[in-house]
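Report on the structure
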Amino acid sequence: MKKALTIAGSDSGGGAGIQADLKTFSAFGVYGMSVITAVTSQNTLGVSGFRAMPADFVGQQMSDVLSDIGADATKTGMLANADIICEVAEKIREFKHENLVVDPVMVATSGDRLMEPEAEKALKDKLLPLALVVTPNIAEAEVLSGIRIANREDVEKAAQIIYGWGPKGVIIKGGHLSGEAVDYYYDGKEIYEYRSPRVDTKNTHGTGCTFSAALAACLALGMPLKKAIPIAKDYLYLALLNADSLGAGHGPTNHLAGYFDHLTKAIRPAKGLPAAKTESNSRKLTGRKLYVITGQEFAKGRPVTEVVSQALAGGAGIIQLREKKWTTRQLVEVGRELQRLARENNALFIVNDRIDVALAVDADGVHLGQDDMPVRMARRVIGPDMILGISAETVEEALTAEKEGADYIGFGPVFHTDTKPDAGTARGLELLAQVKKAVSIPVYGIGGIKLDNAAEVLSAGVDGVAVITAVVGADDITLAAQKFIHIMEGGR
Ligand SMILES: Cc1ncc(COP(=O)(O)OP(=O)(O)O)c(N)n1
Ligand SMILES: Cc1ncsc1CCOP(=O)(O)O
Ligand SMILES: [Mg+2]
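Residues numbered from 1 in each chain as written. Chains lettered and ligands numbered in written order. Predicted model: local features only at pLDDT ≥ 70, side-chain atom pairs only at ≥ 80, totals over all residues. Heavy atoms only, no water.

This next bit is on the pairing of strand β1 (residues 3–11). Extensive coverage of β1 is indicated by the burial of eight of its nine residues. Pairing analysis gives nine bridges linking β1 to strand β2 (residues 31–43), with the strands arranged parallel. Within the sheet, the bridge partner assigned to Leu5 lies in β2 and is Met33. In this view, the connection linking β1 to its parallel neighbour β2 by way of helix α1 (residues 17–27) has right-handed handedness. Across four bridges, β1 lies against strand β4 (residues 73–76) in parallel orientation. Note on β4: the bridge partner recorded for Ile7 is Thr76. (Buried < 20%, exposed > 50% of the residue type's maximum accessible area, 1.4 Å probe, protein only. Helix = DSSP H or I, 4+ residues; strand = E, 2+ residues; numbered from the N terminus. Pairing = 2+ DSSP bridges. Right-handed = clockwise from strand over helix to strand, strands pointing away.)

See below:
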């Protein structure tokens, strides 16, 4: 078990400080320990006050932890004053600790200075020379370098000045500049840029802590710094995407419990995860007769989110994101939005093919084909509560999928379709009926299903129809969905 230590303040609101650090360490599967330098009283609106720990007591906490448990990486956050900074530096030297991430918490989100001038001097003279990397935001980089930062050239100049104070690396977090969220890493020779789309959210409380804690967690896991930076940035990006609004001010970024845990399980199935699915998954599908699958290329230029909104307005009970040409970034961004839309309309949201995306956007389920991850392995990764749909073209494939833990079957193509070039030949209504009789889990027919043949599909006894072009390609998507629902409910 790898271990990471945070030396920072306590945030009563839970969004920043040691609370954010420990949540982040856990998300990466790293054992987290904490030395508290100050206790703050704060919420999402700001800091109403803090009490600094006596410097020697900070040192005592460090000695107790480092002499007994030890740490594979350490990060510092709020250090409150010069005495604490000197004590921390002294202990880092005493324990010859090298994997040190210094997050110079000097300027609050509100812009208020959090550190007196003598503390800034102690930080530069005593702690920065011991750091593997220091991670100032723009405002903190301006204080540390003494120059104004308005553009990339200023960033490079400031990074060189800060590097001169002794850290082995400098990351200037550009989140406060305009445009994409770009972070700059300077290793003493070159400057590297790490980009992610800017997330439009007010729930940014604790982003700096979360980023430096994620860096420390990756270092504790043995990653070199240049590999850790993009992962820490990706973690923060997804945490911001998933942040829920808490309180009246800046809510906390969401700590993706098990973020890394989920992904590492995809590589190394976890022991003890229940492989068996819960009965209730199939019941979640009851009554959901129209299953609309996205297909941007057929949507006549309309964005997927608009298509899905209209399909939901028409009564679609299940939405599936199926975009084989999209990047992971597009899938998680749009997937997050579709999950929100589905929840708002009491519909289920399923991701096609991509388990990692389904997990990252907290989808209700994932749909896999015969060439995707095997059913049992997929079940171990997604756990018992996510819905697992499996494609089948034969009765045998459907029976095997059910036995191995599928919650529903997508059977087809029922009729000829040009939408899926690698689909087999049309399987027909008779075989569809045989599959429905053979398995005890819900079956959805798919492939070439239109308004004029939907009633026949229903007569095969299936639980619903899965449709791409007849809905997403319709001029009036909501009306098309309503007509399918009407037919699936026995209407003409
Ligand atoms: C409900 C439903 N059934 C079948 C499919 C087909 O999935 P796709 O990824 O296009 O093809 P395979 O991987 O199954 O070969 C689906 N998306 N949804
Ligand atoms: C994804 C898929 N799987 C079997 S057929 C098919 C395509 C369905 O598209 P359409 O409803 O437009 O025929
Ligand atoms: Mg597939």
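With that out of the way, let us pick up the UniProt feature "binding site: Mg(2+)" (unreviewed entry) in the protein. With numbering aligned to this structure, UniProt lists the feature "binding site: Mg(2+)" (unreviewed entry) at Asp353 and Asp372. For the residues just named, distributed over 20 residues, the greatest C-alpha separation is only 6.7 Å, placing them together at one site. Among the structural elements, Asp353 can be located in the loop between β12 (348–352) and α13 (355–360). Once you skip the residues sitting within four places of it in the chain, Asp353 turns out to touch Lys324, His367, Leu368 and Asp372. A polar contact is formed between the side chain of Asp353 and the side chain of Lys324, at a distance of 2.7 Å. (UniProt positions renumbered as here; feature names shortened; annotations may be inferred. Contact = heavy atoms within 4.5 Å. Polar contact = N/O pair within 3.5 Å; in protein donor to acceptor, adjacent residues only side chain to side chain.)

All right, on to the site of ligand 2 then. Neighbouring ligand 2 are Arg322, Pro413, Thr417, Thr419, Lys420, Ile446, Gly447, Gly448, Val467, Ile468 and Thr469. Thr419 places a polar side-chain atom, nitrogen or oxygen, 2.6 Å from an oxygen atom of ligand 2. Burial of ligand 2 by the protein chains amounts to 93% of its free accessible area of 380 Å². Classifying every residue of the shell around ligand 2 by side-chain character gives four nonpolar, five polar and two charged. (Near = heavy atom within 4 Å. Areas by Shrake-Rupley, 256 points an atom, 1.4 Å probe, with all protein chains shown as cover. Nonpolar A, V, L, I, M, F, W, Y, C, P; charged D, E, K, R; others polar.)

With that out of the way, let us pick up the packing of aromatic side chains. One pass over the full model with this rule turns up six aromatic pairs. With centroids separated by 5.8 Å and ring planes inclined at 25 degrees, the aromatic side chains of Tyr185 and Tyr192 adopt a geometry described as stacked. The same class applies to Tyr185 and to Tyr192, which are both buried. Seen in terms of ring centroids, Tyr291 and Tyr408 are 5.8 Å apart; in terms of plane orientation they differ by 65 degrees. Their pairing is edge-to-face. Here Tyr291 is found in strand β10 (residues 290–293), whereas its partner Tyr408 is found in strand β15 (residues 408–411), with 117 residues between them in sequence. Accessibility expressed as a relative area gives 2% for Tyr291, which makes it buried. Judged by its relative accessible area of 1%, Tyr408 is buried. Taken together, the aromatic side chains of Tyr291, Tyr408 and Tyr444 make up a single cluster linked through ring pairs. (Phe/Tyr/Trp six-rings, centres within 6.5 Å; stacked < 30°, edge-to-face > 60°.)

Let us look at unusual backbone geometry. Gly412 connects to Pro413 through a cis peptide bond whose omega is 10 degrees. The topology assignment puts Pro413 in the loop between β15 and α16 (428–438). A positive phi angle, near 55 degrees, is found at Asn346, a position not held by glycine. Considering the arrangement of structural elements, one finds Asn346 in the loop between α12 (328–344) and β12.

One ladder, built from six bridges, connects β2 with strand β3 (residues 46–52); its direction is antiparallel. Looking at the pairing, Asn43 lines up with Gly46 of β3. A loop of two residues connects β2 with β3, the two strands running antiparallel in sequence.

Attention now goes to the coordination of the magnesium ion (ligand 3). Protein ligation of the magnesium ion (ligand 3) involves Asp353 (OD) and Asp372 (OD), the donor distances falling in the range 2.1 to 2.8 Å. You can see Asp353 sitting in the loop between β12 and α13 and its partner Asp372 sitting in the loop between β13 (365–368) and α14 (375–382), a full 19 residues away along the chain. Overall, Asp353 belongs to the partly exposed group, its relative accessible area being 24%. Judged by relative accessible area, which is 26%, Asp372 ranks as partly exposed. (Donors = N, O, S within 2.8 Å, 3.2 Å for Na, K, Ca; no water.)

Quick look at the packing of helix α5 (residues 138–145) against helix α6 (residues 152–163) now. At their nearest, the axes of α5 and α6 sit 9 Å apart, and the two run at 55 degrees to each other. One way to sum up the angle between α5 and α6 is to call them oblique. The way α5 lies across α6 gives a crossing that is left-handed. Contacts between α5 and α6 involve Ile138, Ala141, Leu144 and Ser145 from the first element and Val155, Ala158, Ile161 and Ile162 from the second. Tallied by class, residues from the contact of α5 with α6 come to seven nonpolar, one polar and no charged. (Axes fitted to C-alpha atoms, helices over the stretch in contact; angles between N-to-C directions. Parallel < 35°, antiparallel > 145°, perpendicular 65-115°, else oblique. Left-handed = near helix turned anticlockwise from the far one by under 90°.)

Before going further, it helps to examine the sheet that holds β12. Read once around its circumference, the closed barrel built from eight strands follows the order β10-β11-β12-β13-β14-β15-β16-β17, with strand pairing classed as parallel. Direction aside, neighbouring strands of the sheet carry axes that sit 25 degrees apart on average. Across three bridges, the pairing between β12 and β13 is parallel. Bridge pairing in β13 links Val351 to Val366. The strands touched by α12 are β11 (318–321) and β12; relative to β12, the strand with the most contacts, the crossing angle is about 160 degrees.

Mapped onto the secondary structure, Cys86 falls in helix α3 (residues 82–94). Between the C-alpha atom of Cys86 and that of Asp125, which follows or precedes it by 39 residues, the distance is 9.2 Å. Discounting residues that sit within four places of it in the chain, Cys86 has contacts with Ala122 and Lys126.

It is worth spelling out the environment of Val471 at this point. Along the polypeptide, Val471 turns up in helix α18 (residues 469–472). Val471 sits 164 residues away from Val307 along the chain, and the two C-alpha atoms are 8.7 Å apart. Other than its neighbours up to four places away in sequence, Val471 contacts Val292, Ala311, Ile477 and Phe484.

The α-helix advances 3.6 residues per turn, and as a result positions three or four apart in sequence lie on the same side. Helix length check: helix α2 (residues 55–68) (14 residues) gives 20 Å between terminal C-alpha atoms against 20 Å at 1.5 Å per residue, within 8%. Along α2, the positions that sit buried rather than exposed are Ala55, Val58, Gly59, Gln61, Met62, Ser63, Val65 and Leu66. Once α2 finishes, Gly70 follows within two positions and takes phi at roughly 80 degrees, a positive value. (Expected span 1.5 Å × (residues − 1).)

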